[in-house]
Amino acid sequence: MPEARWPFGRVVLLFGTYLLTRLWNRVTRRSSIDEEAHRLREVFEELGGLWIKIGQLVSLRTDVFSEATCRELSKLQHAAIGFPLAEVERTLRMEYGAELDSIFQYFSEEPIAAASISQVHLALLRDPNVVVAVKVRRPNAEHSFLRDLRHIKQLIGFIDLLGIGRHLHLRDALWELEQMVREELDFRFEAANTRRMRKSLKRHNIYVPRVFHKVSNRLVLVTEFVDGVLMSDFIRVGQSDPGRIEHWCRTNNFSPKKAGRRLFRSAVRQILEDNLFHADIHPGNIILLRDSRFALIDFGTIGFCERDLLSNYKASLQAVAQKDFGKAAEIMLRLAIEPPSLGDVKNLRRDLVRTYREWENRTHLNGIGYHERSLGSAGTDAGRIMTRYKVTLSWAFMRINRTWSTMDAALSYLIPDANYIELFADYFEDSRRRHLAPRRVLSRAASSIGQVMGRVEEYNSALDHLVRRQQLYSNIIGSASERILRAITTFLRFVRFLVGFAFLASAVSFLVIHHEHLLPAPEESVIAHFAHQFDDVAYEWWWIILAVLFVANLAFKAMERRLENRG
C-alpha cells in the first residue's frame, strides 16, 4: 500500500475522531460499550502494521481497560497477504550471494504462512537433506515498523504533555514494545532464542525444531519442519467435525487433557524455574504430536524476569495454591510499579482478598466457562481493583501476562474444566519431587558453593576496606567489625563442614558403585542404597565432582584463615 502523505497526522486524525465520536455518543447516550470497543478495533485495523501488535498488547491489560475493549482488541489479526516469490528470491540471493537451487533442492512457490513481518515457505535443503521451514522478512517490514514506532513515541509524548494517565507509566510500556519490535525484526534473535529454548525444553520433553545457522541470518531463518497438527487447526476441525478429531486422537494415542496439563506445567516451569519462557504460546505456535506430546515453534518473543520480580511472582502463585489469599494480596502489591498510599493499603488488601476468594469459589462451580475459572480471570479482577486505587503492575510483567493470555486459547480446548488451584498445587508438588532427586541436589549444592564463595569474596573486599579504616572510627565501630568477622568465620566453618561431608559421601558412593570390592559394607546397607541412587553418573564425572569438592574445601579453609588473621 502507498504510504500516506502525512502518516502521523493520519494517526492523530483517526484516534481523535474516535475519541470525539465516543464523547458525543456518551453525551447523547447513543452507543454502548461494545460498540465503542468495536470502533476502536477498527481504528487499529485501519492503521495496520505495528498498531495491530499494539492493540493485541493493550488487550492483555485487563487491569486497565474495560472487559469489552480487551475482548474486542484480542480479535485483532494481521490481515497479511503473502508477497511475491520474486521478492523472496531477491532477498535470498542478496543474503546468500547465490541462486536458490544451489541451497535448496525444492522451494515452494506459495507461502505456507504469512504475517506482518515475514512469510514462511516449505523447502528441502541440499546439505543436509532435510525438509525445512524458511522464514523470510518482508522487504518493507523494518521501515514500516520503525515508522510506526516513531509515531507511537510522538503520541505518548503528546499524552504526557497533557498529563493523562501518568500512573500507567507509558514510557516503560514504550521501552518494552521497542525491545520486542527490534527482536522480532532481526531473525538472529529468534535463532538464538530457539537454540536456548531447545536446550531448556528438552528437559520438559517438549520438542523444539533445530536451527540451521549456516543458512540463517538477519533476514532469513531456516528451521527444521515439524510434521504434526497445528493446535489452531485441531481447534478449528474440532468445532466443525468432532468425530474426525476423536478418530485422530485414538489413532495417535493423543489425550487432550494430558497434553493440556503438560503444556500448563511446562509454561509454569519455564517462568518459575528456567526464567526463560515462550511469551507467545498461541495455538498457531503449538504443534501436536503422537502420544500426547507437542512441539513449540516461533520464538521471536521470549521472556525472562528480574530476580526480585520472579521471586515475588513465584511466592504469590504458591500462596494462591495454598489458598493463603492474604499473603497473595500482600505479594501482589510488591509487583506494582509504585506502592499504594498508606491510607489505601488496608482497603486495597481487603478488596484483593475478597476477589481471590470469589474466584476460588467459582473454580468449584459446574456449568461455567473456562475463562471464568482461569488464572486470567483472577488476574483481571485483581488488576481492576489495583487500577481503581491507581496502582499499576510493571509493564515488564506484560510478557508473563501475554504467555498466559495466548496459552488460554489452547488450554480452554484441551482442559475446559481446569481448576487452576489444583493445577498449581500439582505443579509445586511435582517441582518439589524433581528438586529432591539426588542429581538435582548435588547440582544445587555445587551451585550454592560457587555462590557462597563469590559472596565471601565480596565480604572480604568490604572487610578489607573496613579493617583499614577501623582506627579512624570509634571503638563501637571497631567492635562491630570484630563481631562481623567472627560471624563470617563461624559461617565459613559450617560451610566447610558441609563441603567436607559432601566430599566424604561422594567418595564413599564412588567406591560403592565402581570399586565395591574395596569396602567391607554389605550390599543391602543404607550406605549402599544411598550410593546406588547415583548409578547413572558417569565414571569421569565422579573424578570431576570429587576434585571440585576438594578444591572448594581448600578454598574455604584458606578464607577462614585469612579472616582469623585479620581478627
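This text follows the structure it describes.
Residues numbered from 1 in each chain as written. Predicted model: local features only at pLDDT ≥ 70, side-chain atom pairs only at ≥ 80, totals over all residues. Heavy atoms only, no water.

**Q** Give me the lowdown on the overall build of the chain, citing residues and values where you can.
**A** What the chain contains, in helices and strands, is 22 helices and ten strands. A total of 567 residues make up the chain; the buried ones form 44% of that total. Total accessible area on the chain is roughly 31000 Å²; 56% of this is exposed by carbon and sulfur atoms. (Helix = DSSP H or I, 4+ residues; strand = E, 2+ residues; numbered from the N terminus. Buried < 20%, exposed > 50% of the residue type's maximum accessible area, 1.4 Å probe, protein only. Areas by Shrake-Rupley, 256 points an atom, 1.4 Å probe, with all protein chains shown as cover.)

**Q** Describe the nonpolar core, listing the residues and the values that go with them.
**A** In this structure, W404 and F424 are the most contacted members of the largest nonpolar core, which totals 72 residues. Beyond its immediate sequence surroundings of up to four residues, F424 is in contact with F264, V268, L317, A321, L375 and W404. (Core = buried A, V, L, I, M, F, W, Y, C linked by side-chain atoms within 4.5 Å. Contact = heavy atoms within 4.5 Å.)

**Q** Requested: an account of the packing of helix α9 (residues 231-240) against helix α10 (residues 242-251), with residues and values cited.
**A** Taken N-terminus to C-terminus, the directions of α9 and α10 make an angle of 130 degrees; their axes are 5 Å apart at the nearest point. Comparing their axes, α10 and α9 come out oblique. When α9 is examined against α10, the residues F234, V237, G238 and S240 are found in contact with a partner set consisting of P242, R244, I245, W248 and C249. Here the residues of the contact of α9 with α10 sort into six nonpolar, two polar and one charged. (Axes fitted to C-alpha atoms, helices over the stretch in contact; angles between N-to-C directions. Parallel < 35°, antiparallel > 145°, perpendicular 65-115°, else oblique. Nonpolar A, V, L, I, M, F, W, Y, C, P; charged D, E, K, R; others polar.)

**Q** Which residues make up the pairing of strand β4 (residues 131-137), and what values go with them?
**A** In terms of burial, β4 is largely enclosed, as six of its seven residues are buried. Summarising the sheet, β4 and strand β5 (residues 220-224) pair through five bridges and their orientation is antiparallel. Bridge pairing links A133 to T223 in β5. (Pairing = 2+ DSSP bridges.)

**Q** How would you summarise the sheet that holds strand β9 (residues 294-296) if you had to cite specific residues and measurements?
**A** Read from one edge of the open sheet, three strands run β6-β8-β9, paired in antiparallel fashion. Each edge of the open sheet is held by one strand with a lone partner, namely β6 (229-230) and β9. Across two bridges, β6 lies against strand β8 (residues 286-288) in antiparallel orientation. The residue of β8 that forms the bridge with L230 is I287.

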